Amino acid sequence: MAETWIVLGASSSMARALVRRLAARGDGLILAGRDLGDLERDAADARVRGAAFAETIRFDARDLACVASILARAGACEGTVSAAVFVGSMPPQAEIDADPGLIEGVVTDSFTGPARVLQGLAPIIEARGAGTVIGVGSVAGDRGRIGNYVYGAAKAAFATYLSGLRNRLGRAGGHVLTVKPGFTDTAMTWGIEGMFLVASPDKVATDILSALEKQRNVIYTPFFWMGIMGIIRLIPERVFKKLSV
Ligand SMILES: NC(=O)c1ccc[n+]([C@@H]2O[C@H](COP(=O)([O-])OP(=O)(O)OC[C@H]3O[C@@H](n4cnc5c(N)ncnc54)[C@H](OP(=O)(O)O)[C@@H]3O)[C@@H](O)[C@H]2O)c1
């Protein structure tokens, strides 16, 4: 029986690249996001590409009322139910510094909102003894830096959450893959200056599928970000605090 994927943040170009591949292998797709009209076009495309089925459902990370309907839909699916989380928001750090009230939204989008869905999905995965969670974090979560430390903190929290969820679901036949992309050419980074080694959303999707096949736990995409972040993590704090990396 084909696997069913709940894709949170399905309008992200990384998500779209993964959805095209999952559709082609005949999986079922529930595309979750805020703009259902937009997502319906993706669902139609997924059906043409071979998805077992493709439908949309509302998900706004800042509106807890969405969670129950997503979990009810997940529970009604036959067979293995998996989830892929692409939700995140990154307002400029200067805007957050000027208005600290933005912090809650960033943390809700990147961590607590998606985690509320995953917490409800976990018992379903445990009861069925199968299921995968893909969580997209960021290299920004590996070390707080002046340019985006609130976003980075939210991503670090999500990565820690995923680590614990892996620990929980692994003993019940589930699997959790943490994905840490570097700079990627998407709506989130549109117009940002100073980016380097920019990857395509297709590259991220390809790396995710390859990691799933190998049952990897944590990946950097592209892979060289593992080396870059390894070096950045090694820089002593007394030196790092003076840098503007
Ligand atoms: N681009 C990069 O360089 C980069 C690097 C590392 C990690 N990432 C991460 O990769 C993931 C995908 O991002 P992207 O680069 O593809 O950018 P994106 O197009 O801006 O994707 C962000 C996704 O999050 C959704 N979202 C934001 N706030 C939401 C909310 N309150 N409720 C529900 N959905 C919400 C967006 O939906 P709407 O269409 O409704 O806004 C969109 O689907 C994010 O988690 C991002 O943090 C990106």
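Now for a look at the structure at hand. Nothing here was measured: the structure is a model prediction, and the numbers come from that model. (Residues numbered from 1 in each chain as written. Predicted model: local features only at pLDDT ≥ 70, side-chain atom pairs only at ≥ 80, totals over all residues. Heavy atoms only, no water.)

### What about the side chain of His-175?
So, point 1. Tracing the sequence through the fold places His-175 in strand β6 (residues 175-181).
So, point 2. Residues within four places of His-175 in sequence aside, it is in contact with Gly-131, Thr-132, Val-133, Gln-215, Arg-216 and Asn-217. (Helix = DSSP H or I, 4+ residues; strand = E, 2+ residues; numbered from the N terminus. Contact = heavy atoms within 4.5 Å.)

### Observations regarding helix α8 (residues 225-234)
So, point 1. Trp-225, Met-229, Gly-230 and Ile-232 are the residues of α8 that are buried. The arc that holds the buried residues of α8, viewed along the axis, is 165°, so those residues lie on one side. Those residues of α8 that are exposed and aimed more than 90 degrees away from the buried face are Ile-231 and Leu-234.
So, point 2. Check the buried side of α8 and you find it contacts β7 (218-221) and α9 (237-240). (Buried < 20%, exposed > 50% of the residue type's maximum accessible area, 1.4 Å probe, protein only. Arc of directions from axis to C-beta.)

### Observations concerning the environment of Pro-181
So, point 1. Tracing the sequence through the fold places Pro-181 in strand β6.
So, point 2. With relative accessibility at 5%, the residue Pro-181 sits in the buried group.
So, point 3. In sequence terms Pro-181 and Asp-42 are 139 residues apart; their C-alpha atoms lie 23 Å from each other.
So, point 4. Apart from the residues lying within four places of it in its own chain, the contact partners of Pro-181 are Met-14, Val-136, Gly-137, Ser-138, Val-139 and Thr-221.

### Re the nonpolar core
Nonpolar side chains tend to gather and get buried jointly when the protein is soluble and globular.
So, point 1. In terms of nonpolar packing, the biggest core is built from 31 residues, with Leu-8, Phe-59 and Leu-118 touching the most fellow members.
So, point 2. Counting residues per element, the ones that place at least two in this core are β1 (4-8), β2 (28-33), α3 (65-76), β4 (81-85), α5 (103-128) and α6 (149-170).
So, point 3. Element by element, the count of residues in this core is highest for α5, at eight residues.
So, point 4. Those residues in contact with Leu-118 that sit more than four places away from it in its chain are Ala-83, Val-85, Val-133, Phe-158, Tyr-161, Leu-162 and Leu-165.
So, point 5. In terms of nonpolar packing, the next biggest core, distinct from the first, is built from 30 residues, Leu-31, Leu-39, Ile-134 and Ala-211 among them. (Core = buried A, V, L, I, M, F, W, Y, C linked by side-chain atoms within 4.5 Å.)

### Re helix α7 (residues 201-213)
So, point 1. In a regular helix each residue adds 1.5 Å, so 13 residues correspond to 18 Å; α7 covers 19 Å between its end C-alpha atoms and thus fits that length.
So, point 2. Listing the buried residues of α7 in full gives Pro-201, Val-204, Ala-205, Asp-207, Ile-208, Leu-209, Ala-211 and Leu-212.
So, point 3. Buried-residue contacts for α7 involve β1, α1 (13-24), β5 (132-136), β6 and β7. (Expected span 1.5 Å × (residues − 1).)

### Side note on a nonpolar patch on the surface
So, point 1. A cluster of nonpolar side chains, namely Val-239, Leu-243 and Val-245, defines an oily patch on the protein surface of about 200 Å² accessible area.
So, point 2. Of note, Leu-243 is situated in the segment after α9.
So, point 3. On the basis of relative accessibility, which here comes to 34%, the residue Leu-243 falls in the partly exposed class. (Patch = residues over 30% accessible without salt bridge, like charges linked within 9 Å, V, L, I, M, F, W, Y side chains within 5 Å. Areas by Shrake-Rupley, 256 points an atom, 1.4 Å probe, with all protein chains shown as cover. Salt bridge = Lys/Arg side-chain N within 4 Å of Asp/Glu carboxyl O.)

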